[in-house]
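A structural walkthrough
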Amino acid sequence: MDLKGKNIILGVCGGIAAYKVCDIIRGLVKLGANAECILTNNGSKFITPLTLQTLSKNKVYQNMFEEPAAWEIEHISLAKKADLIIVVPATADMMSRLACGRADDLLSVTVLASKAKILICPAMNTNMLQHRATQINISTLKSYEYKFVMPENGELACGDIGDGRLASVENIISAIVKELS
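Residues numbered from 1 in each chain as written. Predicted model: local features only at pLDDT ≥ 70, side-chain atom pairs only at ≥ 80, totals over all residues. Heavy atoms only, no water.

A few points about the state of the cysteines
Summed over all chains, the structure comprises zero disulfides. Left without a disulfide partner, Cys-22 is nearest to the cysteine sulfur of Cys-37, which lies 8.7 Å away. Of the cysteine sulfurs around Cys-100, a residue in no disulfide, the closest is that of Cys-13, at 15 Å. (Disulfide = S-S within 2.5 Å.)

As for the sheet that holds strand β3 (residues 60-61)
Adjacent strands of a sheet pair through backbone hydrogen bonds, lying either parallel or antiparallel. The strand order across the open sheet formed by six strands is β3-β2-β1-β4-β5-β6, and the pairing between neighbours is parallel. This sheet does not close on itself; its edge strands, each paired only once, are β3 and β6 (147-148). In the sheet, strand β5 (residues 117-122) pairs with β6 via two bridges, with the strands oriented parallel. Bridged to Leu-119 within β6 is Lys-147. Contacts from helix α4 (residues 92-100) reach β4 (84-90), β5 and β6, with the element oriented near 140° to β4. (Pairing = 2+ DSSP bridges. Helix = DSSP H or I, 4+ residues; strand = E, 2+ residues; numbered from the N terminus. Contact = heavy atoms within 4.5 Å. Axes fitted to C-alpha atoms, helices over the stretch in contact; angles between N-to-C directions.)

Structural notes on unusual backbone geometry
Note that the residue after Val-88, namely Pro-89, is joined by a cis bond; omega there is -10°. With respect to the helices and strands, the residue Pro-89 is situated in strand β4. Unlike most non-glycine residues, Glu-145 shows phi in positive territory, near 70°. Using a relative accessible area of 64% as the deciding quantity, one classes Glu-145 as exposed. (Buried < 20%, exposed > 50% of the residue type's maximum accessible area, 1.4 Å probe, protein only.)

Concerning helix α3 (residues 74-81)
Along α3, the residues that are buried comprise Glu-74, His-75, Leu-78 and Ala-79. Each buried residue of α3 lies within a common arc of 125° when the element is viewed along its axis, so the set occupies one face. (Arc of directions from axis to C-beta.)

Considering the packing of aromatic side chains
According to the stated counting rule, one finds one aromatic pair in the structure shown. For the ring pair Tyr-144 and Tyr-146, a centre distance of 5.7 Å and an interplane angle of 70° mean the geometry is edge-to-face. The exposure class assigned to Tyr-144 is partly exposed, which follows from its relative accessible area of 40%. In this arrangement the basic side chain of Lys-142 is found over the ring face of Phe-148, its NZ or CZ atom lying 5.6 Å from the centre. (Phe/Tyr/Trp six-rings, centres within 6.5 Å; stacked < 30°, edge-to-face > 60°. Lys NZ or Arg CZ within 6 Å of the ring centre and 35° of its normal.)

Have a look at this one:
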């Protein structure tokens with residue numbers, strides 16, 4: 001497996017599984033990929049920009065209206081250089097935003113502006129995952145040709161047992177390699 005020269009944007013959303021993004025970044029960098037992160041406001045409640053920056057060796061993007069170091073429209077430049085955008089952990093809220101075409105934060109506007117492949121890795125409580133609205137949003141995103149690494153069955157942060165646990169790091173990295181092969 002080799003991802004040398006591939007640009008991967010990781011959209012990190014606000015879920016407890018955000019800590020697993022650290023291992024995903026490590027794996028991608030080890031395979032030669034350039035990994036850059038867009039951290040949502042809620043994502044920053046679970047993991048810090050400094051952690052993501054240290055592991056990826058790249059700036060972490062958070063604010064759609066932040067003054068760029070060089071003149072560029074960040075969401076457009078990120079969208080153009082991405083070979084793949086992975087949303088991990090994809091929350092019910094972010095999937096709803098993407099399914100509706102909302103563009104009110106840096107991650108959603110970057111996804112809308114990109115022609116790159118999109119990989120969604122949901123993680124949430126079983127009841128949220130199984131809710132009809134979430135299932136409709138997943139179907140809608142699949143109709144946009146977004147790919148999914150669906151969550152696994154297991155113990156969730158709330159103590160429940162069921163579907164919703166973020167897929168294993170190995171499965172996510174394998175899906176990334178497959179998408180970029």
